[in-house]
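Coordinates in review
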Amino acid sequence: MAGALDGIRVLDFSEMIAAPVAGMLLADMGADVIKLEPPSGEPWRTAGQFIPGESKVFIALNRGKRSLAIDLKAPECRPIIDRLVREVDVILVNYRADVPARFGLDYETVSRVNPRVVYCGNTAFGTEGPDAGRPGYDLVIQAMSGLLAAERKLDASGAPATVTSSAIADYATGLAMAWAVCGALFARERTGRGQRVDTTLLGTALLMQASRLVKVVEHDGPAVDSFLETLAITRDAGCTWKELLDLHASQRPSGVTNPCYRSYNTKSGTVTIAALSAPLRAKALQVIGVDDPRMAAPDIRPGTPEYTAMNAELGPRIEAIFLTRTAEEWMESFEAVGVPCGPVRFIEELLVDPQADSQGLIGRFDHELAGPIETVGPVIKMSETPVLPARPSPPLGRHNEEILVELGFTPGEVAGLRAKRIVL
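Sequence positions are assigned chain by chain, starting from 1 and proceeding in written order. In keeping with the model being predicted, local features are shown solely for residues with a pLDDT of at least 70 and side-chain atom pairs are shown and tallied solely at 80 or more, while totals for entire chains, interfaces and linings include all residues. Hydrogens and water are ignored here; the side-chain numbers use all heavy atoms of the structure.

Overview of the overall build of the protein
Under the convention used in this document: Counting from the N terminus, the helices are DSSP H or I runs at least four residues long and the strands are E runs at least two residues long. Remark: exposure states derive from per-residue accessible area (1.4 Å probe, protein chains only) relative to the maximum for the residue type, with buried under 20%, exposed over 50%, and partly exposed in between. Throughout, the Shrake-Rupley method with a 1.4 Å probe supplies accessible areas, and for residues the shown protein chains are the sole cover considered.
Looking only at helices and strands, one finds 17 helices and 13 strands in the protein. Its C-alpha atoms give the protein principal-axis dimensions of roughly 80 × 50 × 45 Å. Counting every position in the protein, which comprises 424 residues, the buried fraction comes to 41%. If you sum the accessible surface of the protein, you get close to 22500 Å²; carbon and sulfur atoms cover 57% of it.

Structure follows, in structure tokens:
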């Protein structure tokens, strides 16, 4: 049974994380994704390589693709690019705005040759505005979008932690790109025309904080503008990052002081409970064996002195209670009344998790160079068009001859290009 995107050909002209993830997701849905790389390979191939030309990061982000390694700087590669542009349905790009134009892979050029192409370009900040063209990796976006502050991660000096657990802006943008491409392909079915799609790391970073960024313009409550003024004055006064975080929490409370929405240490590890609704919170408190006066006093809101004082008294009590039982015992009690809960684990533990395995979330492949590997598999299921990881990530240039012959080059011409080092 063919995948939903069977027959769709994608040119993945990208590197690092966001766009490669998008290409991988499209490949999972049956698209033929051609990874266009320089003869030296994209940077992730050599970042922490465990065998020559292969890194675990590259393998994790590029399954299901074919590799075409060519020297885009050589004038002789122009016929290859021209034929590719005519043949593909989708082009994924995440280089700086000036890079694609150098190789004739900008939207204006490719759309004249192939008006049906769906061109998805990702940048850090977008193509317009004062930051257009400015470079930015995930960490910069997390810092500038508020994500780093929202996590309240500090290093030993009290400054924002510069090492994040995951490149969440990058990965979320990969999902956004794949979603946008599918929508543009559907629109093409109705109109016959392709289009340009633009995504940004900044945009997806803001989306992941949408519930925190709401300004009611005409309202007599606390205004965003007044907080911004206070924050600017406080920052200019030379306050530490921790003091700024405390100011942010005090003036813009988020309600994260719910004692039934956090992690607790137990006799055997750490367990997390997540009771956001009032009925679930009441059940969780009953299991724990405590009363929260705030449940019966809706006027006591997060950020008020009364709320903070109650939380300061209740938190340590609950922490001590959790230490009296094992994580397994707590989870059994919470699950019996329907309170969401689970143990705190490391990602490596998911390799042997029966639930992840039963959902096909752990993909198993035989890599041509690395041998048997296990990594994250497709994250969705479709009843009529299966989502399957077609193949592991490709060795550099593995499909050069195969792809070039499909584009109409003869074996002799391919050999000539290889002799001139235009292709691997």
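What about the sheet that holds strand β10 (residues 269-274)?
To be explicit about the condition: When DSSP locates at least two bridges between a pair of strands, those strands are taken to pair. Axes here mean lines fitted to C-alpha atoms, for a helix over just the part in contact, with angles spanning 0 to 180 degrees between N-to-C directions. Note on contacts: a residue pair is in contact if any heavy atoms of the two residues lie within 4.5 Å.
Pairing is antiparallel in the open sheet, where three strands are placed in the order β9-β10-β11. A single partner strand is all that each edge strand has here, and the edge strands are β9 (261-266) and β11 (341-343). In this sheet, adjacent strand axes meet at a mean angle of 25° when their direction is disregarded. Bridging between β10 and β11 involves three bridges; their strand directions are antiparallel. Residue pairing for β11: Ile273 is matched across the bridge by Cys341. In the packing of helix α14 (residues 327-336) onto the sheet, contacts are made with β9, β10 and β11, and the angle to β11 comes to roughly 160°.

Focus: the state of the cysteines
In protein chemistry, a disulfide is the covalent bond that joins the sulfur atoms of two cysteines. What counts is decided by this rule: In this description, a disulfide is simply a cysteine sulfur pair whose atoms lie within 2.5 Å.
If you walk through the whole model with that rule in mind, you get zero disulfides. Unpaired in this structure, Cys260 has its nearest cysteine sulfur neighbour in Cys341, at a distance of 12 Å.

Details of the pairing of strand β1 (residues 9-13)
Note on strand geometry: in a regular strand, side chains alternate between the two faces of the sheet. Counting buried residues in β1 gives five out of five residues, a clear majority hidden from the surface. The side-chain alternation of β1 yields two buried faces, one formed by Arg9, Leu11 and Phe13 and the other by Val10 and Asp12. Two strands pair when backbone bridges link them, and β1 and strand β2 (residues 32-37) are joined in this way by four bridges, in the parallel orientation. Each bridged residue has a counterpart across the sheet, and for Arg9 the counterpart in β2 is Asp32.

Overview of helix α1 (residues 18-28)
The buried fraction of α1 amounts to eleven of the eleven residues, a majority that puts the element mostly inside the structure. Inspection of α1 places Ala18, Ala19, Pro20, Val21, Ala22, Gly23, Met24, Leu25, Leu26, Ala27 and Asp28 among the buried residues, and these make up the whole buried set. Residue Gly30 follows α1 closely and has a positive phi angle near 105°.

Things to note about unusual backbone geometry
We note that Met16 has phi near 70°; this positive angle belongs to a residue other than glycine. Mapped onto the elements, Met16 comes out in the loop between β1 and α1. What makes Met16 buried here is its relative accessible area of 19%.

What to know about the confidence of the model for the protein
To keep it simple, the criterion reads: Confidence scores labelled pLDDT are given residue by residue by the predictor and lie between 0 and 100.
Per-residue pLDDT for the protein averages 89, and the proportion of residues at 70 or more is 94%. Predicted confidence in the protein is weakest over helix α11 (residues 241-251), with a mean pLDDT of 75, and strongest over strand β6 (residues 90-93), with 98.

Some words on the packing of α1 against helix α8 (residues 168-191)
What describes two packed helices is the angle between their axes and the distance between those same axes. Note the following rule: Working definition: roughly parallel below 35 degrees, roughly antiparallel above 145 degrees, roughly perpendicular at 65 to 115 degrees, and oblique for all remaining angles. Crossing handedness follows the turn of the near helix against the far one: under a right angle anticlockwise gives a left-handed crossing, and clockwise gives a right-handed one. Nonpolar residues are Ala, Val, Leu, Ile, Met, Phe, Trp, Tyr, Cys and Pro. Charged residues are Asp, Glu, Lys and Arg, and all others, Gly as well, are polar.
For the pair α1 and α8, interaxial distance at closest approach is 7 Å and the crossing angle is 50°. With respect to α8, the element α1 is oriented oblique. You can see that α1 and α8 cross each other, and the crossing is right-handed. Across the interface between the two elements, Ala18, Ala19, Val21, Ala22, Leu25 and Leu26 of α1 pack against Asp170, Tyr171, Thr173, Gly174, Leu175, Met177, Ala178, Val181 and Cys182 of α8. Here the residues of the contact of α1 with α8 are counted per class, giving twelve nonpolar, two polar and one charged.

Quick notes on the sheet that holds β1
The strand order across the open sheet built from six strands is β5-β2-β1-β6-β7-β8, with neighbouring strands paired in parallel fashion. Looking at the sheet topology across the chains shown, the edges are occupied by β5 (65-69) and β8 (195-200). Recorded for the sheet is a direction-independent mean angle of 20° between the axes of neighbouring strands. Sheet topology note: the β2/β5 ladder contains five bridges and is parallel. Its bridge partner lying in β5, Glu37 is registered against Ala69.

Some words on the side chain of Arg281
We count it as follows: Polar contacts, as counted here, are pairs of nitrogen or oxygen atoms within 3.5 Å of one another; within protein the pair requires one atom able to donate a hydrogen and one able to accept it, and residues that are adjacent in sequence qualify only if both atoms are side-chain atoms.
You can see Arg281 is positioned in helix α12 (residues 278-288). Within the structure, Arg281 has its side chain in polar contact with the side chain of Asn258 (distance 3.3 Å). Beyond its immediate stretch of four places on either side in the chain, Arg281 contacts Asn258, Pro259, Cys260, Ala275, Asp292, Arg294, Met295 and Tyr307.

Observations regarding the packing of aromatic side chains
Using the following cut-off: Aromatic contacts are taken between Phe, Tyr and Trp rings whose centres are within 6.5 Å, Trp giving its six-membered ring; a plane angle under 30 degrees counts as stacked, one over 60 as edge-to-face, and the others as tilted. The criterion is that NZ of a Lys, or CZ of an Arg, lies within 6 Å of the ring centre and within 35 degrees of the ring normal, and then a charge sits over that ring.
Inspection of every chain in the model, using the stated rule, returns seven aromatic pairs. Between Phe13 and Phe103, the aromatic rings sit 6.4 Å apart at their centres with planes inclined by 90°, giving edge-to-face as the arrangement. Of this pair, Phe13 sits in strand β1 while Phe103 sits in the loop between α4 (98-102) and α5 (107-113), and the two are 90 residues apart along the sequence. The exposure classification of Phe13 matches that of Phe103, with both residues buried. Where Phe322 meets Phe334, the ring centres are 6.1 Å apart and the plane angle is 20°; that geometry is what we call stacked. With Phe322 in helix α13 (residues 305-322) and Phe334 in helix α14, this residue pair connects regions lying twelve residues apart in the sequence. Each member of the pair, Phe322 as well as Phe334, is classed as buried. Here the aromatic cluster, defined as three or more aromatic residues joined through ring pairs, consists of Tyr264, Phe322, Trp330 and Phe334. Lying across the ring of Phe409, Arg83 places its NZ or CZ 3.8 Å from the centre. The lysine or arginine in question, Arg325, covers the ring of Trp330, its NZ or CZ lying 4.6 Å from the ring centre.

A word on the environment of Leu323
Its place among the elements puts Leu323 in the loop between α13 and α14. Spatially, the C-alpha atoms of Leu323 and Glu349 are 23 Å apart, while their sequence positions differ by 26 residues. Dropping the residues within four chain positions of it, Leu323 is found in contact with Asn265, Thr266 and Lys267.

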